[in-house]
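A look at the structure
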Amino acid sequence: MNLKVLGSRNAMGEAAGKAVEQKIVELLSEKAEIRMIFAAAPSQNELLAYLRSSKLIPWERITAFHMDEYIGLPAGHEALFANFLNNKIFEAVAFKAVHLIDSSNDPQEECQRYGALIREKPIDIVCLGIGENGHIAFNDPPVANFEDPEIIKRVALDPASRQQQVNDGAFSSLDEVPLEALTLTIPALVNANYLCCVVPGAQKREAVKQAVHGPVTTDCPASILQKHDQCDLFVDTAAYPSESEVQNSVQAINCITGEKQSFTRNQSGKPLKSGSGSLPFAGPGLIDLQVNGIHGVDFNDPALTADDMLEATRYLLGQGVTGFFPTLITNAEETVLHILSTIRQACLEHPLVNTCVTGIHLEGPFLSMADGARGAHDKQYIKAPYWGLVERAQEASGGRIRLITLSPEWDNSPEFIKKCRQEGLLVSMGHTIASPEQVQAAVDAGTTLSTHLGNGIPLMLPRHPNLLWEQLAQDNLYISIIADGFHLPNSFLKVAMKVKEDKALLVSDATCFSGMPPGEYRSHIGDEVVLHEGGKLAMKNSNGLLAGATKTILENVQFLVDQNLASLGKAWGMGSVIPGRFLGIDNYGSRSNDRGDYVLFELKGKNRIHVLQVIKNGKVVYEPEQ
C-alpha cells in the first residue's frame, strides 16, 4: 500500500485521477484492452470527475464493471449504485462495454451470471473506497472473507454499513436502507493488477487508521490492502489520523468479553506486535488485595525503604498488577507503625507507588490464637480488636488502611466491624476457628470477604457444621483464594468457584521470595525456608510445611487456565474485575470505566501469558526490554 495524504478533498480526487489515468495509459501500451471495476459512493465523486474529463484515456478500449448493488430497490431508484455510476461516468464517456449488476434478477442466478463475466479475463484496475466500518464493497466485517471462494455473493448489510448510507445522503432514514446486497468479494477485488483507493472525510478517520496502521484482519476488511504492492491509497487530511492518534490507540481482543476493542493511551508506547501477528489480548489491570512482599522486597521487614517500595511496584507492574495492597501481618505495634510510615513516605516520594498502592491490608493482629488457625502469625502479638490501634495505623499510613482481616471469634468483633464500616474500612474474616453463630454475626455487622479461604484454619474440621461450609453458604460474602497449585487442591478450587461464582476472587498472598531463584533463604524473622523449583516455599526443618506463597496473581490466573478450572476471561476477571467490584470501583474493566488501567498481552507456546505492555491511568508504565 502506498499512502498519499492530500491537503483537500479536491486535491485528493485530482491526484487519484492522475494516478488512474497514468495506469490506464501504461497498461494500454502493453495490451489491446483493459477491464476496470468502479465503486459507487460520494467519496468517489472527485476521482470520477477527473476521469470523465480526461483527454488521455481511450475509453473505447475499456470494459467497466461495478462492485456492489442493493437488493430490493426498484430499477429507477436513485440510490441504486448502477444509476449513480451511470450518471457519474458510465454514460458520460464511451466505454467498450459496461456490465451492471442486475438486482432485479434472482440473486443466486445473478451471482452466477455476473461471476462468469468477471472470470472471463483478469481485472486490471479497481477504483474503490473504504467504508466507515472498514468495509471494501459490501464486505462488512461480519461477512468479510480474505479467502472467499466466490466472485460475487449475497450478503446481509451490517448496521454500521447501512447507517453510512444515511450519512452519505442516499437515504433519509435507516428504515429506508435495504437489508441485503450483492457484492464482489474481497479476492475478486484485490486480485486486480492495480488498486486506487480514495477515502475523504473525518467520518472515515478511524477506518483509515485501522486499515493503514492496524493488523490485517477481517475486523477491518480494508486492512488487506496493506498486502497489495500495487495499491495507492489517497486520503485528505480530514480522513487521516494524527500521529498521536495512531500511536496512542491500540486494537486488542478484550480477554473478558472476547470482543475486539480500541484501547487508548495518553502517550505512545512501542509498536505492539504479538508473535503470531494477530491482535494482542487486553485485560483490566490485575488487583491484588494481599501482597506480603515481592522479588526480594519484604513489606513486613522493618528495614523496608521507600526505594524498596518503588522496586516492588515496578516488578508487580511487569506482572500485570496495576493495583495492590501491601499486606502487614501480625507484629509488634511499633514495628507495624514504622513500616506503615515507610509505605506512606514511599507514596509521597514516588507517584508511581502512590497510584498503584490501592490500599493497605492489615492481616492481624486481631486473629485467632489457636494453632492451625493462627498460621505463621506470632502468638505473642495477637490481641482482641481495638480501635485505638487502627487509629494509630491510619495516622502512620496517611489514611491508606482499607482492609482488615480479623477472626470473628473475639467477643467484641461485631462492634469493632461496625466501627470499621462506619469509618469506610472493609473487613474480612480469616485465621479463625469462629463458630457458625460468630460467622453470621460478623457478616451481619458488615464483613464482606473471607481471607484466603481454605487456608488459615485447622487441619482437621468437623464434618458439619464447619468453617468452610459456613463461609461458602454466606451469599453476600466474597471469598479470596490462592490458586498457586500448593495452597489448595483443584477440587476445592473448583467447588469454591462454582459456589461463589462472581464473588470468588484471586489473591497471591505473595512473599518476598516471589520471583526469586530456587534455593535456601532466611526470612527477616529468622526462619529458614527452601524455595523449590516450580515455586513451592517450605519451612526447611518442618517436613515440607508451606512457608508462604511465591506465585504472583498473574501466575494464579495462568494456573486456573492451565488446569482447565477457568477460561482465560473468567480467570482474568477473578484477578481484576471481581476485586474491583469488591472495592466498589464502578464498572471496573468495562468500556464505561475510564481509569485507563489495562494489560496488553499475547499467548505464547502452551497458552502462556506474555505481557507486552501495561498501562496505568492511560500511561504506559511497563514494557519488557527487547
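What counts as what
- Residues numbered from 1 in each chain as written.
- Predicted model: local features only at pLDDT ≥ 70, side-chain atom pairs only at ≥ 80, totals over all residues.
- Heavy atoms only, no water.
- Helix = DSSP H or I, 4+ residues; strand = E, 2+ residues; numbered from the N terminus.
- Rg over C-alpha atoms; globule rule 2.2 N^0.38 Å.
- Buried < 20%, exposed > 50% of the residue type's maximum accessible area, 1.4 Å probe, protein only.
- Contact = heavy atoms within 4.5 Å.
- Areas by Shrake-Rupley, 256 points an atom, 1.4 Å probe, with all protein chains shown as cover.
- Lys, Arg positive; Asp, Glu negative; His and termini not counted.
- Charge placed at Lys NZ, Arg CZ, Asp CG, Glu CD.
- Polar contact = N/O pair within 3.5 Å; in protein donor to acceptor, adjacent residues only side chain to side chain.
- Core = buried A, V, L, I, M, F, W, Y, C linked by side-chain atoms within 4.5 Å.
- Disulfide = S-S within 2.5 Å.
- Pairing = 2+ DSSP bridges.
- 1 Å grid on protein atoms, 1.4 Å probe; cavity = no way out; pocket = protein on both sides within 12 Å on 5 of 7 lines; lining within 4 Å.
- Points joined across faces, edges and corners; volume = space filled by probe spheres on them.
- Nonpolar A, V, L, I, M, F, W, Y, C, P; charged D, E, K, R; others polar.
- Phe/Tyr/Trp six-rings, centres within 6.5 Å; stacked < 30°, edge-to-face > 60°.

All right, on to the overall build of the protein then. Across its full length, the protein carries 19 helices and 30 strands. In summary, the protein has a C-alpha radius of gyration of 32 Å against a globular reference of 25 Å for 626 residues, an excess of more than 25%. Residue burial in the protein is summarised as follows: out of 626 residues, 56% are buried. Put simply, of all contacts in the protein between residues at least 6 apart along the chain, 73% involve residues at least 24 apart. Surface accessibility of the protein: about 26100 Å² in total, with carbon and sulfur atoms responsible for 48%. Of the side-chain charges in the protein, 54 are positive and 73 negative, and the distance between the mean point of each set is 2 Å.

Glancing now at the environment of Asp371. Tracing the chain through its elements places Asp371 in the loop between strand 18 (360–363) and helix 12 (387–397). Sequence separation between Asp371 and Leu459 is 88 residues, and the spatial gap between their C-alpha atoms is 9.6 Å. Here Arg374 takes part through its side chain, which lies 2.9 Å from a polar atom of the side chain of Asp371.

Further remarks concern unusual backbone geometry. In this model, Gly364 is joined to Pro365 through a cis peptide bond whose omega is 10°. Structurally, the position occupied by Pro365 is in the loop between strand 18 and helix 12. The step from His464 to Pro465 runs through a cis peptide bond, and the omega angle for that step is -5°. For Pro465, the position within the fold is in the loop between strand 21 (449–450) and helix 15 (467–472). A positive phi angle, close to 30°, is found at His452, a residue other than glycine. Locating His452 in the fold gives a position in the loop between strand 21 and helix 15. You can call His452 buried: its relative accessible area is 3%. Of note in this structure, Glu501 is not a glycine but carries a positive phi near 50°.

Moving on: the nonpolar core. Leu289 and Leu560 are the most contacted members of the largest nonpolar core, which totals 97 residues. At 7 residues, the largest contribution of residues to this core is made by helix 10 (residues 333–349). The contacts of Leu289, once residues within four sequence positions are left out, are Phe325, Thr327, His361, Leu403, Leu449, Leu505, Val507, Phe582 and Leu583.

For the structure shown, the criterion picks out 0 disulfides. Distance from the sulfur of Cys347, which forms no disulfide, to the nearest cysteine sulfur (Cys356) is 9.6 Å.

Pairing geometry for strand 29 (residues 608–616) and strand 30 (residues 619–622), over 3 bridges, is antiparallel. Bridge pairing links Ile615 to Val620 in strand 30. Connecting strand 29 to the antiparallel partner strand 30 that follows it, the hairpin turn spans 2 residues, and Asn617 within it adopts a positive phi of roughly 50°.

Time to look at the sheet that holds strand 23 (residues 504–506). Reading across from one edge, 14-17-18-19-20-21-22-23 is the order of the 8 strands in this open sheet, with parallel pairing throughout. Lying at the two open borders of the sheet, with one neighbouring strand each, are strand 14 (286–291) and strand 23. Alignment of strand 17 (residues 321–329) against strand 18, held across 3 bridges, turns out to be parallel. What sits directly across from Ile329, in strand 18, is Glu363.

In this structure, the largest pocket spans a volume of roughly 1200 Å³. Lining the largest pocket we find 41 residues, and of these Gly375, Ala376, Leu546, Ala547 and Gly548 sit closest to its centre. Taken together, the elements giving at least two residues each to the lining of the largest pocket come down to strand 26 (537–539) and strand 27 (546–548). When residues of the lining of the largest pocket are assigned to their parent elements, the largest contribution, 3 residues, is made by strand 27. The residue makeup of the lining of the largest pocket, split by class, is 21 nonpolar, 16 polar and 4 charged.

Enumeration according to the criterion identifies 17 aromatic pairs in this entry. Aromatic pair Phe38 and Phe95: ring centres 6.1 Å apart, planes at 80°, arrangement edge-to-face. Separated by 57 residues along the polypeptide, Phe38 in strand 2 (residues 34–38) and Phe95 in the loop between helix 3 (81–90) and strand 5 (97–99) bring together distant segments of the chain. Comparing Phe38 with Phe95 shows no difference in burial state: the two are buried.

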